[in-house]
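The residues making up each chain are set out below.
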Amino acid sequence: MSRRLLALAALVSAALVSVFAQTPAPTKAATTTKAWKPARTPDGQPDLQGFWTNNTITPLERPKGLGAKEFYTEAELKDLMKNEQNRVALNEEEGRPTEPGTDADVHYDFSQFGLDRGQTKLAWNLRTSLIVGPEGTIPTTLPEARKRNAAIAALNRGHEFDGPENRPLSARCLVLGQESVPMLPGGYNNNMQIVQGAGYVATLHEMNHSVRLIPTDGRPHAVSDVPQWRGDSRGHWEGNTLVVDVTNFDPRNPFRGSGARLHVVERFTPVDADTILYRFTAEDPDTWDKPWTAEIAMSRVTGPIFEFACHEGNYGLRNTLQGARVADQDAAAAAKKGNQK
């Protein structure tokens, strides 16, 4: 990769230093109770409103070398933070290191456009994985679930580029990972806005610029035969915690291989004025041998959130399918030439 303009590198590096300076000190137990009390909305509920990010370098599953170690020490976390700073600074100066011939090598460099995860505020904590507990990994996938997912993949094998319906949902701008449930960060665009009103909580996600509406007025779930990309959300308050029960997931948008009976319970708990602890438990008796739980700190950031116009700028889908048609023509021409010999 070529070197970036020095002025751009200096500007982004200065911004990065500022971001790390503003990052609150990490805490081992994000659930620690303090004397702090959240502000209240006009209808008396805890005020979760504002702009937030769940951007993190903490992996969903714990690296195998860490075993049952659930938390880093303060010193280890400081080393991780320093390494992340150095990585981003090097990328900005010299470009992202990639292996020639790989997809990453021909993909644009995220840091060139301020999209590298380390160029925005990171929600640091001492956890070695987002999944809590000594195992720190997704439970075992049931044999029937493996067969089900293999059969689904087999249906599209060899037809991946036939038309738009064969492409992933994200490639078609229908639903992307960051806006799905549970809410987990992706490579970039991990910001969101929370807005509250009497009987509702809404989350506006930067990625795909979509709004998720969560009724909190006690209404029942939609009927079970009405699946939705992000499930059907129903919320209620338990003290200062917003608890959201989510069912009716569309199996065409699976979460880690889940099926139609995926059930997720989310908990949004304000810890201080600048932090919300987001915790979810996922269960699917058709996919995993037991439920599992993960948590991530959401840090307050400065808004606004600008529109992510996925469909309007989706040149990738058109170009991918156009390239496939060219490949089809080349293959047909080669076959015709071979038959003429």
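Residues numbered from 1 in each chain as written. Predicted model: local features only at pLDDT ≥ 70, side-chain atom pairs only at ≥ 80, totals over all residues. Heavy atoms only, no water.

**Focus on the pairing of strand 2 (residues 191–197)**
And step 1. Because side chains alternate across strand 2, one face comprises the buried residues Met192, Ile194 and Gln196, and the other comprises Asn191, Gln193, Val195 and Gly197, none of which is buried.
And step 2. Strand direction decides the pairing type here: strand 1 (residues 50–53) and strand 2, joined by four bridges, are antiparallel. In the sheet register, phenylalanine 51 faces strand 2, and the bridge partner there is glutamine 193.
And step 3. As paired strands, strand 2 and strand 3 (residues 200–205) are joined by six bridges and run antiparallel to one another. Along strand 3, the bridge assignment pairs glycine 197 with tyrosine 200.
And step 4. Where strand 2 folds back on strand 3, the antiparallel hairpin that results is connected by two residues, among which glycine 199 adopts a positive phi of roughly 85 degrees. (Buried < 20%, exposed > 50% of the residue type's maximum accessible area, 1.4 Å probe, protein only. Helix = DSSP H or I, 4+ residues; strand = E, 2+ residues; numbered from the N terminus. Pairing = 2+ DSSP bridges.)

**Observations regarding unusual backbone geometry**
And step 1. Here the amide bond leading from valine 181 into proline 182 is cis, since omega sits at 0 degrees, within 30 degrees of zero.
And step 2. Secondary-structure assignment places proline 182 in the loop between helix 4 (143–156) and strand 2.
And step 3. Backbone torsion omega between glycine 303 and proline 304 reads 5 degrees, so that peptide bond is classified as cis.
And step 4. The phi torsion at asparagine 208 lies on the positive side, around 75 degrees, for a residue other than glycine.

**As for helix 5 (residues 315–339)**
And step 1. Over its 25 residues, helix 5 runs 36 Å from end to end, which matches the ideal 36 Å to within 8%, given 1.5 Å per residue.
And step 2. Along helix 5, the residues that are buried comprise Leu317, Leu321 and Ala324. (Expected span 1.5 Å × (residues − 1).)

**Overview of the pattern of salt bridges**
And step 1. Counted under the stated rule, the structure contains 16 salt bridges.
And step 2. In this structure, the salt-bridge partner of arginine 127 is glutamate 70, at a minimum N-O distance of 2.9 Å. Residue arginine 127 is found in the loop between helix 3 (103–106) and helix 4, and its partner glutamate 70 is found in the loop between strand 1 and helix 2 (74–94); the two are separated by 57 residues along the sequence. No difference in accessibility class separates arginine 127 from glutamate 70, as the two residues are buried.
And step 3. Between aspartate 250 and arginine 252 there is a salt bridge; the shortest N-O distance is 2.8 Å. (Salt bridge = Lys/Arg side-chain N within 4 Å of Asp/Glu carboxyl O.)

**Remarks on the state of the cysteines**
And step 1. Tallying each qualifying case throughout the model produces one disulfide.
And step 2. A sulfur-sulfur distance of 1.9 Å marks the disulfide that ties cysteine 173 to cysteine 310. Taking the torsion about the S-S bond as the criterion, the cysteine 173 to cysteine 310 disulfide, at about -75 degrees, is left-handed. With cysteine 173 in the loop between helix 4 and strand 2 and cysteine 310 in the loop between strand 9 (292–300) and helix 5, this residue pair connects regions lying 137 residues apart in the sequence.
And step 3. Note on cysteine 173: relative accessible area 4%, which makes it buried. (Disulfide = S-S within 2.5 Å.)

**Concerning helix 2**
And step 1. Helix length check: helix 2, at 21 residues, gives a terminal C-alpha distance of 30 Å against a target of 30 Å (1.5 Å per residue), a fit within 8%.
And step 2. Among all positions in helix 2, only Leu77, Met81, Glu84, Val88, Asn91 and Glu92 are buried. Each buried residue of helix 2 lies within a common arc of 100 degrees when the element is viewed along its axis, so the set occupies one face. Looking at helix 2, the residues exposed on the side facing more than 90 degrees away from the buried face are Lys78 and Lys82.
And step 3. Glycine 95 sits one or two residues past helix 2 and shows a positive phi near 95 degrees. (Arc of directions from axis to C-beta.)

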